[in-house]
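Notes for the structure review
Residues per chain are reported as follows:
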Amino acid sequence: MKKIFLPITLVTVALFSNGCSNDFIDVPPTENIAESDLLSIYNNNDGAKSFVTAIYSKSLDWNMSSFSWNGLTSMTSDDADKGSDPGDTGTDKDKCDALTLDATSLSVQDVFEANYQGISRANIALLYLPKLDKADAALKTRLTGEAKFLRALMYFNLVRCFGGVPIVDHVPVPSSATDTDMTLIRKSKEEVYAFIEADLLEAIAALPEKSGYAISDLGRASKGAAHALLAKVYLYQANWQGVKDQCAAITGYNLVSDYATIWREAGEDSVESIFEIRGYGGNPSQGIEGYMVSQGARGTSGWGWGFNTPTSNLANSYEVGDLRKNATIIFAGETMWDGREVSPLVANPMYNEKAYVSNTAEAFNGDWETTKNIRVLRYAEVLLMQAEAANESGSGDVTGPLNKIRNRAGLANTTATGQVGLRTAIRAERRHEMAFEHDRWFDLIRTGQAKDAMAADGKTFVEGKHELFPLPQKFITQAAGKSNQNPNY
């Protein structure tokens, strides 16, 4: 999968040359080209692929998968502190940690804009793929499925962060008042979820299984990925039967035996991996901007900026003997799996091991961009979703999937009983299995645990406010009264 931006920049100019007030969805242009000329260049299989590869490439950007995303999804939660030095705020990561973000906060704007920029690329691909009549029809069907999966994933990020947002389902025509309204008027949370579900159902129908891809296309969205994401979308809406049905349709995956290897280079694209954001090699190699260095140990013997550090709350919550603790947390003074010695004098007592890249035992092309993949969907989460859906619905196997997760972690079968006891056990397993995988904050919100969990971590959670992040002021200003801010911001 090569990183190709050319079609996106060219098409953007052709479609937005008259200007557009709602610039949060724009992709910066570089040159003009007529549509007929563009089609003559890209009307082939490689051209068709390049439109969709450009959507994947957005996930490598700093504002999409890195610093601000960690701020909203981890530093807000009881799993992570801001970290770094006390005086280094990381622009607004101190506000993420303290739950004091406002509409002008950069992290909020980054996440909002990045996902809409990716959605814009998906919409451009969906506009032009049907026009490439010299590209293989079966390939175009598959690529359409990939584009819809990626668009659904980005809308899932948005709806979890902000609630209802504008549904931009096609490339806007600059002269169309209707299209301008489409980009500026929020839809309800329920409408956004319905749109995501429709995209994923179409993706499921179009995509092959992971095993159906050639090695050269490894990492593209698969049927299993679309089923898993749809199961997660249903999970957030407490549609337990939907969760069960989608999880049951996921085949060909299993747990790897050693939890600690999942986030190493050797663990990429494993039998457990359903979908990953790929930092990938080649000439030149291209990685995810700042993901590793922003979370690396800071100070003496360190290799990074030291942000997004595990809390004592998280470290103390593991059961004795849980192998996931040492696989998730780098402790000051320890010797890493690759022989690296972490000084006891580093700036923080703990760091996120899932973001670690070895500069001696793995591919390493510098601290700013590394080829490390970010795991987005794993089979372990499918098992946890199955357990939760069975427990909440009152039917199905709860302890079987739960115990597979526990046993892999070196723990005995659960002793929890009853719906309430098992609910507590499942939530604990989600926390420990998926720490620093960008779900803890959203899990606390969707399960109603946020206020108590934040209080236990020394934070104040305001009900009726902190369930959502503020919409960026830039968007509210552009909307000019067509969309309202989230409550109490």
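In this text the structure is predicted, and so the values were computed from the model without any measurement.

Notes on the nonpolar core
Membership of the largest hydrophobic core comes to 115 residues, with the highest contact counts inside it found for Phe149, Tyr155, Phe162, Ile196, Leu200, Leu229 and Phe275. Broken down by element, this core gets its largest block of residues, 14 residues, from helix α8 (residues 137–162). Beyond its immediate chain neighbours, meaning those up to four positions away, Leu229 contacts Phe149, Ala152, Leu153, Phe156, Leu200 and Leu377. Within the second largest apolar cluster, 10 residues are counted, among which are Trp303, Ile330, Met336 and Tyr356.

Quick word on the packing of helix α7 (residues 106–128) against α8
Relative to each other, α7 and α8 sit at 160 degrees, their axes nearing to 9 Å. Classified by the angle their axes make, α7 and α8 are roughly antiparallel. Along this stretch, α7 crosses α8, giving a crossing that reads as left-handed. The segment α7 lies against α8, with Val108, Val111, Phe112, Asn115, Tyr116, Gly118, Ile119, Ala122, Asn123 and Leu126 engaging Thr144, Ala147, Lys148, Arg151, Met154, Tyr155, Asn157, Leu158, Cys161 and Phe162. When its residues are assigned to classes, the contact of α7 with α8 shows 13 nonpolar, five polar and two charged.

Thoughts on empty space enclosed by the protein
All chains considered together, the criterion is met by 12 cavities of 30 Å³ or more. In this structure, the largest cavity is lined by 22 residues; those nearest its centre are Trp69, Leu153, Asn157, Ile277 and Val376. Of all the secondary structure elements, the ones that give two or more residues to the lining of the largest cavity are α4 (62–65), α8, α11 (223–236) and β8 (374–378). Residue contributions to the lining of the largest cavity peak at six residues, all from α8. Tallied by class, residues from the lining of the largest cavity come to 12 nonpolar, five polar and five charged.

Let's talk about the pattern of salt bridges
Enumeration over the complete set of coordinates arrives at 41 salt bridges. Residue Arg446 is joined to Glu388 by a salt bridge in which the shortest nitrogen-to-oxygen separation is 2.8 Å. In this pair, Arg446 sits in helix α18 (residues 440–446) while Glu388 sits in helix α15 (residues 379–393), placing the two residues 58 residues apart along the sequence. Residue classification places Glu388 among the buried residues on the basis of a relative accessible area of 8%. With a shortest N-O distance of 2.9 Å, Arg406 and Glu429 are connected by a salt bridge. Taken together, the residues span a long stretch of sequence, with Arg406 in helix α16 (residues 399–408) and Glu429 in helix α17 (residues 418–433) at a distance of 23 residues. According to the relative accessible area criterion, Arg406 is buried, its value standing at 8%. A relative accessible area of 2% places Glu429 in the buried class.

As for unusual backbone geometry
Positive phi, normally seen in glycine, also occurs at Ser84, with a value near 60 degrees. Secondary-structure assignment places Ser84 in the loop between β1 (80–83) and α6 (93–98). With a phi angle near 60 degrees, Asn308 is a residue other than glycine that sits in the positive phi range.

Some thoughts on the confidence of the model for the protein chain
Mean pLDDT for the protein chain: 92, with 92% of residues reaching 70 or above. Taken as a whole, residues 8–21 scores under 50 in pLDDT and shows 40 contacts with residues more than four places along the chain or in a different chain.

Re the packing of aromatic side chains
Tallying each qualifying case throughout the model produces 20 aromatic pairs. Between Trp303 and Tyr356, the ring centres sit 5.3 Å apart and the planes meet at 70 degrees, which makes this aromatic pair edge-to-face. A residue pair is termed long-range when its members are at least 10 positions apart, and Trp303 in the loop between β3 (288–289) and β4 (307–310) and Tyr356 in the loop between β6 (350–352) and β7 (369–370) qualify at 53 residues. A residue is classified by how much of its surface remains accessible, and Tyr356, at 3% relative accessible area, is buried. Put simply, the rings of Phe112, Tyr116, Tyr155, Phe162, Phe195 and Phe475 pair up and form one aromatic cluster. Over the ring of Phe156 we find Arg160, and its NZ or CZ is 4.2 Å from the ring centre. Note that Arg446 overlies the ring of Tyr236, its terminal NZ or CZ placed 5.4 Å from the centroid.

Structural notes on helix α3 (residues 45–58)
The α-helix advances 3.6 residues per turn, and as a result positions three or four apart in sequence lie on the same side. End to end, α3 covers 21 Å across 14 residues, agreeing with the expected 20 Å (1.5 Å per residue, within 8%). In α3, a bend of some 25 degrees at Phe51 exceeds every other bend along the element. The element α3 is extensively covered by neighbouring structure, given that 11 of its 14 residues are classed as buried. Those residues of α3 not exposed but buried are Gly47, Ala48, Ser50, Phe51, Val52, Thr53, Ala54, Ile55, Tyr56, Ser57 and Lys58. The distance from a side-chain oxygen at the start of α3 to the backbone nitrogen of Asp46 is 3.2 Å, and the residue carrying that oxygen is Asn44.

The rules behind each value
- Here, residues in each chain are numbered from 1, in the same order as that chain's written sequence.
- Reporting in this predicted model follows two pLDDT cut-offs: at least 70 for local features of residues, and 80 or more for side-chain atom pairs to be given and counted; totals over whole chains, interfaces and linings ignore these cut-offs and use all residues.
- Calculation of side-chain values draws on the structure's entire complement of heavy atoms; hydrogens and water are dropped beforehand.
- Definition used in this section: a nonpolar core is a set of buried Ala, Val, Leu, Ile, Met, Phe, Trp, Tyr and Cys residues joined via side-chain atoms within 4.5 Å.
- Type-normalised accessible area, obtained with a 1.4 Å probe on protein chains alone, sets the label of each residue: buried when under 20%, exposed when over 50%, and partly exposed for intermediate values.
- By the criteria applied, helices consist of DSSP H or I runs no shorter than four residues and strands consist of E runs no shorter than two, each listed in order from the N terminus.
- Should any heavy atoms of two residues lie within 4.5 Å, those residues are counted as being in contact.
- Only C-alpha atoms enter the line fits that serve as axes; for helices the fit covers just the stretch in contact. Angles between N-to-C directions range over 0 to 180 degrees.
- With respect to orientation, any angle under 35 degrees is reported as roughly parallel, any angle over 145 as roughly antiparallel, any angle of 65 to 115 as roughly perpendicular, and every other angle as oblique.
- The hand of a helix crossing depends on one turn: near helix anticlockwise from the far one by less than a right angle means left-handed, and clockwise means right-handed.
- In the scheme used here, Gly and all other residues not listed as nonpolar or charged are polar, with Ala, Val, Leu, Ile, Met, Phe, Trp, Tyr, Cys and Pro taken as nonpolar and Asp, Glu, Lys and Arg as charged.
- Computed over the protein atoms alone on a 1 Å grid, cavities are sets of points where a 1.4 Å probe fits but cannot get out and pockets are open sets with protein on both sides within 12 Å along at least five of seven lines; a residue lines them when it has an atom within 4 Å of a point.
- Grid points are joined across faces, edges and corners, and a volume is the space filled by probe spheres set on the points.
- By definition here, a salt bridge exists when the distance from a side-chain nitrogen of Lys or Arg to a carboxyl oxygen of Asp or Glu is within 4 Å.
- The predictor attaches a confidence to each residue, and that confidence, scored 0 to 100, is pLDDT.
- Within 6.5 Å between ring centres, the rings of Phe, Tyr and Trp (the latter by its six-membered ring) count as paired, and their orientation is classed by plane angle as stacked under 30 degrees, edge-to-face over 60, tilted in between.
- Here, over-ring charges are defined by two tests on the NZ atom of lysine or the CZ atom of arginine: distance to the ring centre within 6 Å, and angle to the ring normal within 35 degrees.
- Multiplying one less than the number of residues by 1.5 Å gives the expected span of a helix.
- Fitting axes to the seven residues ending at a residue and to the seven starting there, one defines the bend at that residue as the angle between these axes.
- Distance and chemistry together define a polar contact, namely a pair of N or O atoms within 3.5 Å, with one atom able to donate a hydrogen and the other to accept it when in protein, and with adjacent residues in sequence counting only for side-chain atoms on both sides.

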